[in-house]
Amino acid sequence: MIDLSDLTAVKSALRAQRIETPSWAFANSGTRFKVFPQAGVPRTPEEKIADAATVHRFTGAAPSVALHIPWDRVADFGALTRYARDLGVEVGAINTNVFQDEDYKLGSVTNPDAGVRRKATDHLLEAISIMDATGSRDLKLWFSDGLNYPGQDDLRDRQDRLAEALREAYARLGGDQRILLEYKLFEPAFYATDIPDWGTAYAHCLELGERATVCIDTGHHAPGTNIEFIVAFLLRAGKLGAFDFNSRFYADDDLMAGAADPFQLFRIMYEIVRGGALDPAYGIKFMLDQCHNIEAKIPAIIRSVMNVQEATAKALLVDRDALRAAQREGRVLESNAILMDAYNTDVRPILADLRTEAGLDPDPIAAYRRSGYQEKIVAERVGGDQAGWGA
Ligand code: PSV
Ligand code: MN
Ligand code: MN
């Protein structure tokens, strides 16, 4: 059993943890088959930010919101940033969108047409200008580029084109800005994706330099992939920059983080703790990237934040000295038992205490339900926005 008598260090690490919410998760979303609109969803970037601020108000752990351009494009990003700050949140990562224009049918930065590549790269540069205006540090890049058929385009040329666009964006970064590069095994392309895996993302980041790091989206792997190994490897190499948390049963399901496989989330967070990377000063961004197609959005996001916190709390409870000793001595069963002891500990009371100590309600979802916020947005907002998916 885990010794819970002195939780000072565990609590202070949990208190410092920050989870970023995605603006698009507050908007309507769906599958290829149907978008089920919900009452009260945001109609503007400001309303998405207001919902993100509400998540932060009840969790105390989600003080920034990622934007997606052009979905969240406004005339005055300085004003939007001030608006966010007034509500108690910061603008987080700026996500680019080079996947929704007709022009991108055969790719964006890897398109065989130089004109399309120029347009896509200009969009990346525009996103960096938005970062200048919002004070965001992170440019998050996900490319839908890929091929459906063998022979459709030259695999290697596409890597050269990708590298060229990334170089141009990288050269435009200023101050402490950095690139977070995502990979994804498949979808929307099915034969080949231009950044299919962490190794490809890592290699491009290495070529770019120290301000380029990999973003692990937990839904972007083949089933059964050992994601904590990727975490351990990238941390060791100093090339892990961020997570897009979500959970999946089959593909890029974008379900609530920790819903499908809480044990995997724990194993990931254990590697983070083991690597000393939980401290915000280390610079890893813990973001959510998910869609709520059938469930109410704000409570689902609150639940996801809580799930990440619970996985983190369990990871912090691992008796690392005992684990190391057991590992060194090759005590296999005991090593496994030490890890499982932490995983099997009910950490909900610890997190409830922490919230109470911070002046929050110990049960953020119940507090949200009682707050009247949902009724207010349902009454005020008619004709909610679509995240951009499943139109
Ligand atoms: C598409 O797979 C995706 O989920 C990527 O993970 C991006 O992070 C996100 O969309 C927003 O563009
Ligand atoms: Mn993602
Ligand atoms: Mn995804």
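Note that this is a predicted model, so its numbers are computed, not measured. (Residues numbered from 1 in each chain as written. Chains lettered and ligands numbered in written order. Predicted model: local features only at pLDDT ≥ 70, side-chain atom pairs only at ≥ 80, totals over all residues.)

Enquirer: How do you make sense of the overall build of the protein when you look at a structure like this?
Expert: For the protein, the count of helices and strands is 14 helices and ten strands. Relative to a compact globule of 391 residues, whose C-alpha radius of gyration would be 21 Å, the protein shows 21 Å and is just as compact. In terms of its C-alpha atoms, the protein occupies a principal-axis envelope of roughly 65 × 55 × 40 Å. In the protein, the proportion of contacts linking residues at least 24 apart, taken out of those at least 6 apart, comes to 79%. (Helix = DSSP H or I, 4+ residues; strand = E, 2+ residues; numbered from the N terminus. Rg over C-alpha atoms; globule rule 2.2 N^0.38 Å. Contact = placed C-beta atoms within 7 Å.)

Enquirer: For this particular structure, what's the right way to read the site of ligand 1?
Expert: With respect to spatial proximity, the complete set of residues near ligand 1 consists of N95, W142, E182, K184, D217, D244, D252 and D289. Among the residues forming the shell around ligand 1, the class breakdown is one nonpolar, one polar and six charged. (Near = placed C-beta within 6 Å. Nonpolar A, V, L, I, M, F, W, Y, C, P; charged D, E, K, R; others polar.)

Enquirer: Honestly, the confidence of the model for the protein in this entry has me stumped. Any pointers?
Expert: Low-pLDDT stretches of the model should not have their predicted coordinates read in fine detail. Mean pLDDT over the protein works out to 97, with 98% of the residues at or above the 70 mark. Here the prediction assigns the complex a pTM of 0.97, and the interface score ipTM is 0.98. (pLDDT = per-residue confidence, 0-100.)

Enquirer: Is there a simple way to think about the nonpolar core in this case?
Expert: In globular proteins that are soluble, nonpolar side chains generally tend to be buried together. Counting residues in each nonpolar core, the largest one holds 103 residues, and the members touching the most others are I179, L181, V214, M269, V305 and A315. Of all the elements, helix α9 (residues 297-317) adds the most residues to this core, at twelve residues. Residue contacts for V214: discarding those within four places in its chain leaves L181, W198, A201, Y202, C205, L234, K239, L240 and G241. (Core = buried A, V, L, I, M, F, W, Y, C linked by C-beta atoms within 7 Å. Buried ≥ 20, exposed ≤ 12 C-beta atoms within 10 Å, placed from the backbone.)

Enquirer: Where do I start with the packing of helix α5 (residues 155-172) against helix α6 (residues 198-208) in this structure?
Expert: Between two packed helices, what matters for the description is the angle formed by their axes and the separation of those axes. Where α5 contacts α6, the two axes come as close as 10 Å, and the packing angle between them is 50 degrees. What the angle tells us is that α5 and α6 run oblique. Between α5 and α6 lies a crossing whose hand is right-handed. Counted together, L162, A163, L166, R167 and Y170 of α5 and H204, E207 and L208 of α6 form the full contact between these two elements. (Axes fitted to C-alpha atoms, helices over the stretch in contact; angles between N-to-C directions. Parallel < 35°, antiparallel > 145°, perpendicular 65-115°, else oblique. Left-handed = near helix turned anticlockwise from the far one by under 90°.)

Enquirer: Sorry, what's going on with the pairing of strand β6 (residues 178-182) here?
Expert: It is a general feature of regular strands that their side chains alternate between the two faces of the sheet. When you tally the buried positions in β6, you get five out of five residues, the bulk of the element. By the alternation rule, side chains of β6 split into R178, L180 and E182 and I179 and L181, which are all buried. Direction of pairing for strand β4 (residues 138-141) relative to β6: parallel, over a ladder of four bridges. Bridge pairing in β6 links D138 to R178. (Pairing = 2+ DSSP bridges.)

Enquirer: How do you make sense of the environment of D346 when you look at a structure like this?
Expert: Within the element layout of this structure, D346 appears in the loop between α11 (332-343) and α12 (348-357). Here the alpha-carbon distance between D346 and K314, two residues 32 residues apart in the chain, equals 8.2 Å.

Enquirer: Any chance you could explain the environment of R118 here in plain terms?
Expert: By secondary structure assignment, the location of R118 is in helix α4 (residues 114-134). When the C-alpha positions of R118 and P349 are compared, they lie 53 Å apart, and in sequence the two are 231 residues distant.

Enquirer: Which parts of the structure should I look at to understand α12?
Expert: For an α-helix, 3.6 residues make a turn, and residues three or four places apart therefore share a direction. Restricting attention to buried positions, one finds in α12 the residues I350, L351, L354 and R355. On an axial view of α12, the arc spanned by its buried residues comes to 135 degrees, and they lie on one face. Turned more than 90 degrees off the buried face of α12, the exposed positions are P349, T356 and E357. On its buried face, α12 is in contact with α1 (8-16) and α9. One or two positions beyond α12, positive phi appears at G359, with a value near 80 degrees. (Arc of directions from axis to C-beta.)

Enquirer: Whenever I open this one, the packing of α9 against α12 confuses me. Can you help?
Expert: At a minimum axis separation of 9 Å, α9 and α12 run at an interaxial angle of 110 degrees. Judged on the interaxial angle alone, α12 and α9 are roughly perpendicular. As α9 packs across α12, the resulting crossing turns out to be right-handed. Residues Q309, E310 and A313 of α9 pack against R348, I350 and L351 of α12. Along the lines of polarity and charge, the residues of the contact of α9 with α12 split into three nonpolar, one polar and two charged.

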